[in-house]
Amino acid sequence: MYHSAALTALRDSPVRFWFTRWPWMSLAYLAIGGLLWVPTLLAFALIGTIPYWAHALAIAERRLVRLAGYRPIPGRRRGLPGLQEPMLWREIAFALAHMLIGLFSFVLLVVASALVVAGFMAVFLMAGVDAPLGRNHADPALLVLSGAVILIAAPYVGTLLAYVKGALATVLLSPRVEELQTQVTSLARAKIAELDRFEGERQRIERDLHDGTQQHLATSAMRLGMLELEVRESFPPGPAQDSALESLEAVRRENELALDTLRDVVHGLRPRTLIDDGLGAALRELARRVPILATVDVEGAGRLPLPVESSLYYIASEAVTNAIKHATPDHLHIELAQTATRIMLTVSDDGLGGANSARGTGMVGMYERAALLSGELIVDSPPGGPTRIVADIPRPR
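Computed from a predicted model, the values in this text were never measured in an experiment.

Even after reading the chapter, I still don't get unusual backbone geometry, so can you show me in this structure?
Note on backbone geometry: most residues besides glycine have negative phi, and most peptide bonds are trans. In this model, glycine 385 is joined to proline 386 through a cis peptide bond whose omega is -5 degrees. With respect to the helices and strands, proline 386 occurs in the loop between strand 4 (376-380) and strand 5 (387-394). Phi at threonine 328 takes a positive value of approximately 45 degrees, unusual for a residue other than glycine. If you trace the backbone, threonine 328 turns up in the loop between helix 12 (306-327) and strand 2 (331-338). The exposed category is assigned to threonine 328, whose relative accessible area is 54%.

This is the structure we're talking about:
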């Protein structure tokens, strides 16, 4: 039994149902179907247009079922399904069923409307008012009775017919489990490909920074050292020499600061250890740089695709940075566990807790990295601590 809010309202209170929005939404749903009956018939008359019209009709129907009290039907990827895909044939089957139900709905609505209008005209006729109905037609009392019955019954009959049509649309147009699995697999591959492109761009940035800007700063530092020697040789000891040397020292410090900052940026993009030795070694190196006690458990961790290792390293690095910056912990623990199907990276600390994405973009970036890997980020950080952040992702095939 498919759930329809309209049918539920009808069951709960048939009398009150007449005064809700569902009867009129159901009649509108049937009226739209009746209007679309004509182009559906034309599409089947012109055989070549059947797949295109069936797909367009299915896209519209997945949203229109809300008028019958159903939830919107999940769609599929954009574009016309191929002839080898079962979804296309189910959409064509629905278009055929829609043509028949649409014709029935159209005739039913036209006849019911005509009888209701005739009933109203009969009321005027019985009241002695000259009406277009004329006095040589059917018994006015019978027309009034028929119109009243139809007016009362139409919302109920229309709701039941809309329920049947919506259930048929749900059956035919909902994606099957295997189709959803195929879409999930395609999305996962697309995400990995996107990560591969991202990693390639990041490697280019690292190379440009290391071979270009970093080398220029190193060269300028060397030239500043040579210039300091020339100042000492050219200027006699005294205030002039001291002033020149102080200026050179200030420039040298700024140059070293810029060089150190650039190295941190390059290192933050991706450490060389991660590329050469893998995620386990990079996590151990990350723990050694932390100014507090940090332990790492990565026993048995093998190599993973570089995009996956880079994303997990980013999550671990961001979690450690946030902990030190906001939670002032005494101890950090990083654990990397792998099974045949899952990979779990856990970063825990005994700090103040209260970690949330409102504190900055770092936490948001962690969520996005986990999502890109088709996984999830679980944050357990009550006020007062401790904090436990887990990135749970499927193992790449």
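In this structure, what is going on with the nonpolar core? I would like to understand it.
Nonpolar side chains tend to gather and get buried jointly when the protein is soluble and globular. In this structure, Leu283, Leu312, Leu345 and Leu377 are the most contacted members of the largest nonpolar core, which totals 30 residues. Of all the elements in the fold, those that place two or more residues in this core are helix 11 (279-289), helix 12, strand 2, strand 3 (342-349), helix 13 (361-372) and strand 5. By residue number, the principal contributor to this core is helix 12, which donates eight residues. The residues touching leucine 345, leaving out its near neighbours within four places in the chain, are Leu283, Leu312, Ile315, Ala316, Ile334, Glu335, Leu336, Ile389, Val390 and Ala391.

I tried to follow the packing of aromatic side chains on my own but got confused; where do I start?
Working definition: an aromatic ring pair is given by the centre-to-centre distance plus the angle between the planes. If you walk through the whole model with that rule in mind, you get five aromatic pairs. With a centroid separation of 5.7 Å and 65 degrees between ring planes, the pair formed by tryptophan 18 and phenylalanine 19 is classed as edge-to-face. Considering the side-chain rings of tyrosine 70 and tyrosine 163, the 6.0 Å spacing of their centres and the 20 degrees angle between planes classify their relative orientation as stacked. Taken as a pair, tyrosine 70 in the loop between helix 5 (50-64) and helix 6 (86-126) and tyrosine 163 in helix 7 (residues 140-173) lie far apart in primary sequence, 93 residues in all. Accessibility assignment for this pair places tyrosine 70 and tyrosine 163 in one class, buried.

Would you mind showing me how to read helix 1 (residues 5-12) here?
The complete set of buried residues in helix 1 reads Ala6, Leu7 and Leu10. Seen from one end, helix 1 has its buried residues packed into an arc of 95 degrees, which puts them on one side. Opposite the buried face of helix 1, by more than 90 degrees, sit the exposed residues Arg11 and Asp12.

Would you take a moment to explain the layout of surface pockets for this structure?
Vacant regions in the atomic arrangement are exposed by a probe of water-molecule size rolled over the atoms. In this structure, the second largest pocket encloses a volume near 320 Å³. If you trace the second largest pocket, you find 17 residues lining it, with Leu27, Leu109, Ala112, Ile150 and Ala154 closest to the centre. Within the residue set of the lining of the second largest pocket, elements represented by two or more residues are helix 3 (22-35), helix 6 and helix 7. Per-element tally for the lining of the second largest pocket: the top contributor is helix 7, with eight residues. Of the residues contributing to the lining of the second largest pocket, the split by class is 15 nonpolar, two polar and no charged.

Calculation criteria
- Residues numbered from 1 in each chain as written.
- Predicted model: local features only at pLDDT ≥ 70, side-chain atom pairs only at ≥ 80, totals over all residues.
- Heavy atoms only, no water.
- Helix = DSSP H or I, 4+ residues; strand = E, 2+ residues; numbered from the N terminus.
- Buried < 20%, exposed > 50% of the residue type's maximum accessible area, 1.4 Å probe, protein only.
- Core = buried A, V, L, I, M, F, W, Y, C linked by side-chain atoms within 4.5 Å.
- Contact = heavy atoms within 4.5 Å.
- Phe/Tyr/Trp six-rings, centres within 6.5 Å; stacked < 30°, edge-to-face > 60°.
- Arc of directions from axis to C-beta.
- 1 Å grid on protein atoms, 1.4 Å probe; cavity = no way out; pocket = protein on both sides within 12 Å on 5 of 7 lines; lining within 4 Å.
- Points joined across faces, edges and corners; volume = space filled by probe spheres on them.
- Nonpolar A, V, L, I, M, F, W, Y, C, P; charged D, E, K, R; others polar.

Take it as geometry only, folks, not as evidence of what the structure does.
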